[in-house]
There are 2 protein chains.
Amino acid sequence: MSNRTRILRLSRYKNAALRLKSLNFLKVFSDNLADATGVTASQVRKDFSIFGIEGNRRGGYQIDELLTQLNKVLGKDKLQKFIIVGIGNLGRALINYQGFVKSEIKILAGFDIDPAKFNRKADALILPMEELPGFVKTNEVELAILTVPEFAAQEAFEKLRNAGIKGILNFAPIRLKSDDKVIVHNLNLETEFENLIYFVNTHTVPQD
Amino acid sequence: MSNRTRILRLSRYKNAALRLKSLNFLKVFSDNLADATGVTASQVRKDFSIFGIEGNRRGGYQIDELLTQLNKVLGKDKLQKFIIVGIGNLGRALINYQGFVKSEIKILAGFDIDPAKFNRKADALILPMEELPGFVKTNEVELAILTVPEFAAQEAFEKLRNAGIKGILNFAPIRLKSDDKVIVHNLNLETEFENLIYFVNTHTVPQD
DNA sequence: CGCAAATTGTGATAAAAATCACATAATAAC
DNA sequence: GTTATTATGTGATTTTTATCACAATTTGCG
Ligand SMILES: NC(=O)c1ccc[n+]([C@@H]2O[C@H](COP(=O)([O-])OP(=O)(O)OC[C@H]3O[C@@H](n4cnc5c(N)ncnc54)[C@H](O)[C@@H]3O)[C@@H](O)[C@H]2O)c1
Ligand SMILES: NC(=O)c1ccc[n+]([C@@H]2O[C@H](COP(=O)([O-])OP(=O)(O)OC[C@H]3O[C@@H](n4cnc5c(N)ncnc54)[C@H](O)[C@@H]3O)[C@@H](O)[C@H]2O)c1
């Protein structure tokens, strides 16, 4: 009872709550979160109830408390350490992105096969693939981003798997399969483009 | 009867069929596509049936014909012209990406407010925001990618909307709302990270 | 040419997800 | 305090999505 869509909604509730907090709100109602995220109020309450998140009847949800609980479910109560494999166009964009900093997501290092990419400066560490297994072990990294070209994705996937990585966000346009050892989230941007194109071409509005 | 998930699956079937074609297969069965994409064979057939895509009993689907029909549904039978607003880390990665070229997706130009980004060379045209409405009209562009910082997203969204853009793929971490005039597909990468983190932390395997 | 094997296409059925609706509790107003 | 009002929390219900299962058809083979 906790599929991908439901977790996705929890992230959205969290983002909406953060925005309201930044506007100095102290409490929030299922209704507000529903408006902000485009779902019904009972959907919000049902989602919360499944994760044991409770509010006060008539009083709604204390934003701080709600955020604490949502962050706990989403793993944002502790630092999530990532490495990234493939420092090309996309890998570099991600490794340079400052938006993750404030959100308990940290990319510790990048890895590549191209020596021209290597860099030992602490703030943008880019290392050869050979050092990946050791780095993962020493730093107890469980999560990885994969941004190598399609032809290299399967090989890189296996290296990550062997190194003990537990979860991979894969941007290469090839479906890598999850199993007991590694969970893969395939994120194919071309597919996202196609999705938008379909709904524009058919003049239908998808229910997000 | 054609939600986002179903269109997403059609994209995956298309990708699987392309791969099989590149291996010189001439026909394919619902079973093969199911394996390749991680769904059941009857799901494949049901999806096809909803879009009027037919095969031969006992003979499966001719790959070429199947691709023609899937490409038609997904709008890959004609060039899809995009512009991109915000040429920073992510915008530059997307505009430089060569993978879209072979797939009927073309980014005609980028737009930014920072004069340092402007570039009039034909192959990587980056123009000031002021030229956006004219460019969109002249080139009959309906689709846009939005990669500006969060604080600028709402404003840029409205400029795109006023210029007559019909569909936007939004990477800024803020939920822009679709309406009759513009369809928005919000793609929040942090949310995708959180999703992976959740399933890794809970040791559950999401059904893709 | 007729029979056996294999695969589609789809109505029927099951499972999953979302919504409804209302009893229950908290708050505010007086 | 008592009462009216407003939200929550959740079982019941509806809607949506996926699977089953099998008749209809095609293919290949003897
Ligand atoms: N750039 C984009 O906007 C974009 C859009 C959609 C999808 N993608 C996908 O994301 C992936 C990366 O795209 P990109 O544009 O950054 O590619 P890129 O070619 O710019 O970068 C790929 C990097 O991976 C490195 N690499 C190659 N083989 C490797 C290996 N075996 N081990 C480790 N590193 C290796 C290369 O040295 C290079 O630095 C590709 O699969 C691409 O299809 C990118
Ligand atoms: N870089 C990433 O890996 C990454 C990851 C997740 C999300 N994002 C999101 O994608 C967006 C872009 O990220 P980025 O790292 O490329 O940012 P960036 O700061 O590198 O680039 C933003 C660009 O937008 C331009 N810009 C600012 N205001 C503008 C306006 N009003 N009109 C037109 N252009 C304007 C800037 O000049 C700059 O070139 C952000 O919203 C970010 O949160 C990026």
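Our structure's up above, just so we're on the same page.
Asks: I'd like to hear about the interface of chain A and chain B, residue by residue, with values.
Replies: A common way to state how big an interface is: give the accessible area lost once the parts meet. Contacts between the two partners involve 65 residues from chain A, matched on the other side by 65 residues from chain B. Interface of chain A and chain B: buried area, both sides summed, is about 5,800 Å²; carbon and sulfur atoms make up 63% of it. Linking chain A with chain B are eight salt bridges, by the criterion used here. In this structure, K14 of chain B and E194 of chain A form a salt bridge, with 2.4 Å as the shortest nitrogen-oxygen distance. One can count 18 residue pairs in polar contact (both at pLDDT 80 or more) joining chain A with chain B. Secondary-structure elements contributing two or more residues to the side of chain A that touches chain B are helix 1 (4–22), helix 2 (30–37), strand 3 (80–85), helix 5 (89–96), strand 6 (143–146), strand 7 (167–170), strand 8 (183–186) and helix 8 (189–201) of chain A.

Asks: Tell me about the site of ligand 2, residues and numbers included.
Replies: Around ligand 2 lies a shell of 23 residues, among which Y97 of chain A together with L90, D112, K117 and V148 of chain B are the nearest. The environment around ligand 2 is built from residues contributed by chains A and B. One of the backbone nitrogen or oxygen atoms of I87 of chain B is found 3.3 Å away from an oxygen atom of ligand 2. Residue N89 of chain B places a main-chain N or O atom 3.0 Å away from an oxygen atom belonging to ligand 2. Calculation on ligand 2 without its partners gives an accessible area of 820 Å², and the protein chains cover 87% of this total. Counting only elements with at least two residues in the shell around ligand 2, the list comes to helix 5 of chain A together with helix 5 (89–96) and helix 7 (150–162) of chain B. Split into classes, the residues belonging to the shell around ligand 2 amount to 15 nonpolar, four polar and four charged.

What counts and what doesn't
- Residues numbered from 1 in each chain as written.
- Chains lettered and ligands numbered in written order.
- Predicted model: local features only at pLDDT ≥ 70, side-chain atom pairs only at ≥ 80, totals over all residues.
- Heavy atoms only, no water.
- Contact = heavy atoms within 4.5 Å.
- Buried area = accessible area lost by both parts, 1.4 Å probe.
- Salt bridge = Lys/Arg side-chain N within 4 Å of Asp/Glu carboxyl O.
- Polar contact = N/O pair within 3.5 Å; in protein donor to acceptor, adjacent residues only side chain to side chain.
- Helix = DSSP H or I, 4+ residues; strand = E, 2+ residues; numbered from the N terminus.
- Near = heavy atom within 4 Å.
- Areas by Shrake-Rupley, 256 points an atom, 1.4 Å probe, with all protein chains shown as cover.
- Nonpolar A, V, L, I, M, F, W, Y, C, P; charged D, E, K, R; others polar.

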